[in-house]
Amino acid sequence: MIEGLLAVLVSASVLWWLAGRDPKRLRAARQRDRRAHAPAVRRGLLLLALLPGLGLLLWVNVAAVLVWFGGLTVSGWLIAELRAPR
């Protein structure tokens, strides 16, 4: 179970980084001075966020995969709420 929680921390930190330069969020917040990540960088960060889950699957730890998937979902909602423009 600790493996799943560590994987959530790694993936959530990448999601936080990805959300910081999201083009749609930057437009909604009218932050024209900040540049969005390029599409290739966004795809790379997405793959990096999913990599811990793949590692857990290859390790054949189904419980940790479920913990990771649920934690990643909840952390994604939380990141979207915290990064939302006011």
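Values in this document were obtained by computation on a predicted structure and should not be read as measured data. (Residues numbered from 1 in each chain as written. Predicted model: local features only at pLDDT ≥ 70, side-chain atom pairs only at ≥ 80, totals over all residues. Heavy atoms only, no water.)

In this structure, Leu 15, Leu 56 and Trp 68 are the most contacted members of the largest nonpolar core, which totals 14 residues. Sorting the residues of this core by element identifies α1 (2-20), α3 (39-58) and α4 (62-83) as the ones contributing at least two each. Those residues in contact with Trp 68 that sit more than four places away from it in its chain are Gly 4, Ala 7, Val 8, Ser 11, Ala 49, Leu 50, Pro 52, Gly 53 and Leu 56. (Core = buried A, V, L, I, M, F, W, Y, C linked by side-chain atoms within 4.5 Å. Buried < 20%, exposed > 50% of the residue type's maximum accessible area, 1.4 Å probe, protein only. Helix = DSSP H or I, 4+ residues; strand = E, 2+ residues; numbered from the N terminus. Contact = heavy atoms within 4.5 Å.)

Further remarks concern the confidence of the model for the chain. Averaged over all residues, the pLDDT of the chain is 86; the fraction at 70 or higher stands at 92%. For the chain, helix α2 (residues 23-28) is the element with the lowest average pLDDT, namely 68, and α4 is the one with the highest, namely 93. (pLDDT = per-residue confidence, 0-100.)

Here we come to unusual backbone geometry. Despite not being glycine, Val 60 shows a phi value in the positive range, around 60°. Along the chain, the position of Val 60 falls in the loop between α3 and α4.

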